[in-house]
Amino acid sequence: MTSSAVVFRGHVSVSGPRIKETRLHTPPHTAPSADSAGGAHRIYHGGSALRYPRSFLRQAISDLLGSWQAALRLFGQSIAQKYRYSALGIFWAFAPAALTAVLLTVGKRADLTILRDGIVAPQVYAIFGLILGQTFLEAMATQRTLFLTHRYLLSRHQAPVEGLIIAGILENLFGLAMKVGLLALVFLQWKTIPSVTVPLGIFGMTVILLLGTTLGLLLAPWSALKRDLDNVMGVFPWAFMGLTPIFVPPQPDSPMAEIYRWNPFAYVFDATRFLTYGYGHQPMPGVSGSGMMTILLGALAVCIVLLPAAWILCRVARPYIVESYLV
Amino acid sequence: MKLLEIYNLSKRYCREPKLAYKYAARDILRETACKDQNDFLRPGEFWALRDIHLQVAPGEVVGVIGHNGAGKSTLINVAAGILRPTIGAVFVNTPRVVVMDYQGGLSPVQTGRENIINQFSLHGMDGRRIAEEMESVIAYSDLGSFIDAPVGTYSLGMKVRLAFSIYSHLRPDLFLVDEALNGGDLKFRMKFQRFLNDYISKGGAILLASHDLFTIQSLCHRCILMDYGQIKAEGTPEEIISRYAELAGERESAEWKEMNAPVLSPTAPTVEDDPVAEGISEETGGEIDEASGSKQAETGAEAVLNLVTFDSVEITGPDGGDLTPSGPVDIRVVVTSREDVPSVLWGIEIGTGGLFPIASLAGGYGPPEYSLRKGRNEFRCRIERLPLLPGKHQAAMAFTTRESAIILGFKGYQDAPITFEIKPVTDRAINMALFRKNLVHIPVEWKARID
């Protein structure tokens, strides 16, 4: 490693009521700079890591690629733990959907107006919506609580945050796969024929999962630092379920339809429905059937832009969050 | 090439959780906006590390010692990349670095086996190698069937055994150790010690933060002493441990002064109770020393006559040299007496900085018998072997009447302290005694084992 006289900010002096900085231009010890120290495996310095984008990205990508093994194992253990400490195990993955089906069947027998058959049975509509809602909320919660869940690991190890993110995504994908299996049973029970674009419907579900992941990661640092967000998140799922067409389809010109028009998630959910059981489905007001794919691609584009940004945010935030745990 | 290079490293911390969270949020936003951290202290912050320069080469074991809060753990955490420096830089020139601590990053809800897999995965081992090493780790830890129980159900000793078994199989180039080399039962500790000795002999490097004198002395090639986030001294383990003990003594003295402990004074009969004293009192006007008398009044101790004043006190080694542990001590005192006093005692009390009396000596019971004459008087004595450990100590001196021990003059402790220093020596046994917070060191003639 070559030593060059690169200045590291070094010395402070106390003067007056506030401690002011004095920059040393000839520090007593010289060190290689973050850019020039190519031989170093890792460099931790006081400057913003993002000021050295090449080395930051090189390290981030290296961590991303190197953390797959750990991510796979964390994912496997997380699933095992989930069922180890639960008497009813996997039942809980299906419980909300099963309960919804029972309630809606009772409601339909009571001939409630909003539960009349459309293109699909109301049970199918509601369970499908519930699965989409659960997928989004679970993905968001998994990533939002990333730092808290792995606190023991992060405060004692240089565990790459990438491995923890990937483990969370894998866990959510596993949950989604289970739900898709449940959905197949629901379709069979209520004789619903999927459309030929059903693979795109699954793509839609994946986009919803990615939206939840992205939002969760963007919130993760703030959630780790302040518990206020936890309180907000206690209310958020209910608000989300209420403002998104999950349980019953929007009646045209109804006040709810107007609310849904302003909720971008409503379009993504509806596009996923349209692509899964397709023709005859009444799309969101103002959106044609052919526009549904554009909506999903638009949502995917949002994820492509924001997910790496959220990843970088979490990577930058990690040491500060660990530090706050040590106070 | 060094394995670890630390330059101009400073790290600030905030003590108040509310402010810490606020600063963390600001710092995250600042860094995301590509701005460097401000290098001044904000309200509630302090420098946990300040201008640290340190390098660790392959095959080298560097010890870090210091009192609680000196910055040892912070240094390990920054070197490990767990915390970010505020100023300066840390270069880690190997991918094979392992942080070792008591908890070992073990998850309490996962089984021992799962924890082994996790730790190995986090250190880049692939599935095949993990499978190869698994049985060896379990055997080393001696956990048997407990390996499939959640770690939260383990005793502390079992956790330590599991963590150390994992460490011993990771074979890194550099261990960063935070107070973690002891634990488990004796058999396991000896096994792990053998592993470390073998690791070092094969070129492994360790940065070891510890309070444990034995570990530091037995493993380290070099040592640094940290105090309030700064490197105070660097040298051989023996030198630095000795310096640490000295620093600890200074801190204790400072703390004692802050506490403003009550004055320790020899008890003596009151002036009114003693006819000899009364006589002297009448002749001299019976003045009470205001300096010591007022303090004693506060603490309830007895009055001191202002008959004898101390002009000088010297406590030195032979020929005015340094004092050494269990070495000879010469004491010389010059006093001025207002009156002739036929029969007196010269009392010396030796104590710690915190005024804990260790020994009380009295000269004049004879021979020789002492007396004071009006004017200047000089007295000397020698302690052949003063069994005190290195550090700063205190003495108090008094001249009293022989029969009733009325205090004619007193010097020492609070208002007029007499301090003397036993100089540190690089002796392992003495260092050990210092770390055990012993007060005295008793020289022993050790005999060979009788077979």
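In what follows, the structure referred to is the one given above.
Thresholds, definitions, all that
- Position numbers for residues start from 1 in each chain and track the written sequence from start to end.
- Ligands are numbered from 1 and chains lettered from A, in the order in which they are written.
- Per-residue local features are limited, in this predicted model, to residues with pLDDT of at least 70; the limit for side-chain atom pairs, both in listing and counting, is 80 or more; totals at the level of whole chains, interfaces and linings are taken over all residues.
- Only hydrogens and water are removed before side-chain values are computed, so all heavy atoms of the structure are retained for them.
- Counting from the N terminus, the helices are DSSP H or I runs at least four residues long and the strands are E runs at least two residues long.
- Summary of the burial criterion: residues with accessible area below 20% of their type's maximum are buried, those above 50% are exposed, and those between are partly exposed, where the area comes from a 1.4 Å probe applied to protein chains only.
- Pairs of residues are marked as contacts when any of their non-hydrogen atoms sit within 4.5 Å.
- Working definition of accessibility: Shrake-Rupley area with a 1.4 Å probe, residue cover restricted to the visible protein chains.
- Disulfides are defined as pairs of cysteine sulfur atoms found within 2.5 Å of each other.
- Buried area is a sum: the accessible area each of two parts loses on coming together, probed at 1.4 Å, counted once for each and added.
- Should a side-chain nitrogen of Lys or Arg be within 4 Å of a carboxyl oxygen of Asp or Glu, the pair is scored as a salt bridge.
- Pairs of N or O atoms within 3.5 Å make up the polar contacts considered here, provided that, within protein, one atom can donate a hydrogen while the other can accept it, and that residues adjacent in sequence are counted only when both atoms are side-chain atoms.
- Here, a strand pair is defined by DSSP locating no fewer than two bridges between the strands.
- Between the N-to-C directions of two axes lies an angle of 0 to 180 degrees, each axis being a line fitted to C-alpha atoms and, for a helix, fitted only over the stretch in contact.
- Residue count minus one, scaled by 1.5 Å, sets the expected span of a helix.
- In this analysis, a patch consists of residues with relative accessible area above 30% that form no salt bridge, clustered at 9 Å for like charges and at 5 Å for the nonpolar side chains Val, Leu, Ile, Met, Phe, Trp and Tyr.
- Just so you know, the count uses Lys and Arg for positive and Asp and Glu for negative, and it drops His and the chain ends.
- To locate a charge, take atom NZ for lysine, CZ for arginine, CG for aspartate or CD for glutamate.

Caption draft 1: The arrangement of the overall build of chain A in detail. Check the secondary structure of chain A and you find twelve helices and three strands. Counting only residues that meet the buried cut, chain A has 50% of its 327 residues in that class. Sequence separation of 24 or more characterises 74% of the internal contacts of chain A that already satisfy a separation of 6 or more. A total accessible area of about 15500 Å² is found for chain A, and carbon and sulfur atoms account for 68% of it.

Caption draft 2: Summary view of the state of the cysteines. Residue and element names in this part refer to chain A. For the structure shown, the criterion picks out zero disulfides over all chains. The structure places no disulfide on Cys 303, whose sulfur is separated from the nearest cysteine sulfur, that of Cys 314, by 15 Å. On the accessibility criterion, Cys 303 (2% relative accessible area) is buried.

Caption draft 3: Molecular detail of the interface of chain A and chain B. Contact with chain A, which involves 64 residues of that partner, is made by 72 residues of chain B. Interface area, chain A with chain B, both sides summed: about 5900 Å², of which 58% is carbon and sulfur. For Arg 51 of chain A, the salt bridge goes to Asp 36 of chain B, with nearest N and O atoms at 2.4 Å. In this structure, the connection of chain A to chain B is made through twelve residue pairs in polar contact (both at pLDDT 80 or more). Those elements that provide at least two residues to the side of chain A that touches chain B are strand E1 (11–14), strand E2 (19–22), strand E3 (42–45), helix H2 (68–84), helix H6 (151–154), helix H8 (198–225) and helix H12 (291–326) of chain A. A total of eleven residues in the side of chain A that touches chain B trace back to one element, the largest contributor, which is H12 of chain A.

Caption draft 4: Main features of the sheet that holds strand E10 (residues 308–316) of chain B. Residues and elements named next belong to chain B. The strand order E10-E11-E15 describes an open sheet built from three strands, whose pairing is antiparallel. In this open sheet, the two edge strands, each paired with only one partner strand, are E10 and strand E15 (375–383). Going across the sheet, the axis of each strand differs from the next one's by a mean of 15°, ignoring polarity. The pairing of strand E11 (residues 329–337) with E15 spans nine bridges and is antiparallel. Each residue of the ladder has a partner; that of Ile 331, found in E15, is Cys 381.

Caption draft 5: Highlighting helix H1 (residues 17–32) of chain B. In this model, H1 of chain B (16 residues) spans 22 Å end to end at C-alpha, consistent with the 22 Å of a helix rising 1.5 Å per residue. When we look at burial in H1 of chain B, the residues that qualify are Leu 19, Ala 20, Tyr 23, Ala 24, Asp 27, Ile 28 and Glu 31 of chain B. The elements touched by buried residues of H1 of chain B are H8 and H12 of chain A together with strand E1 (4–14) and strand E2 (45–56) of chain B.

Caption draft 6: Spotlight on the pairing of strand E9 (residues 230–235) of chain B. The pairing of strand E8 (residues 222–227) of chain B with E9 of chain B spans five bridges and is antiparallel. Considered in E9 of chain B, the bridge of Ile 224 of chain B is made with Glu 234 of chain B.

Caption draft 7: Layout of unusual backbone geometry. All names here are of chain B. Residues other than glycine seldom take positive phi values, yet Asp 51 does so here, at roughly 50°. Here Ser 326, not a glycine, exhibits a phi torsion of approximately 60°, which is positive. The topology assignment puts Ser 326 in the loop between E10 and E11. For Ser 326, a relative accessible area of 11% translates into the label buried.

Caption draft 8: Examining the sheet that holds strand E4 (residues 87–92) of chain B more closely. Sheet architecture is open: four strands sit in the order E3(A)-E4(B)-E1(B)-E2(B), paired in antiparallel fashion. Because the sheet does not close on itself, it has two edges, and the strands there are E3 of chain A together with E2 of chain B. In this sheet, adjacent strand axes meet at a mean angle of 25° when their direction is disregarded. Pairing between E1 of chain B and E4 of chain B: five bridges, direction antiparallel. Across the sheet, residue Ile 6 of chain B finds its bridge partner in E4 of chain B, namely Val 90 of chain B. Along the sheet face, helix H2 (residues 72–79) of chain B touches E3 of chain A together with E1, E2 and E4 of chain B and points at about 120° away from the line of E1 of chain B.

Caption draft 9: Molecular detail of a positive patch on the surface. A cluster of basic residues, Lys 226 of chain A together with Lys 18, Lys 22 and Arg 26 of chain B, forms a positive patch at the surface. Summarising the element assignment, Arg 26 of chain B is placed in helix H1.

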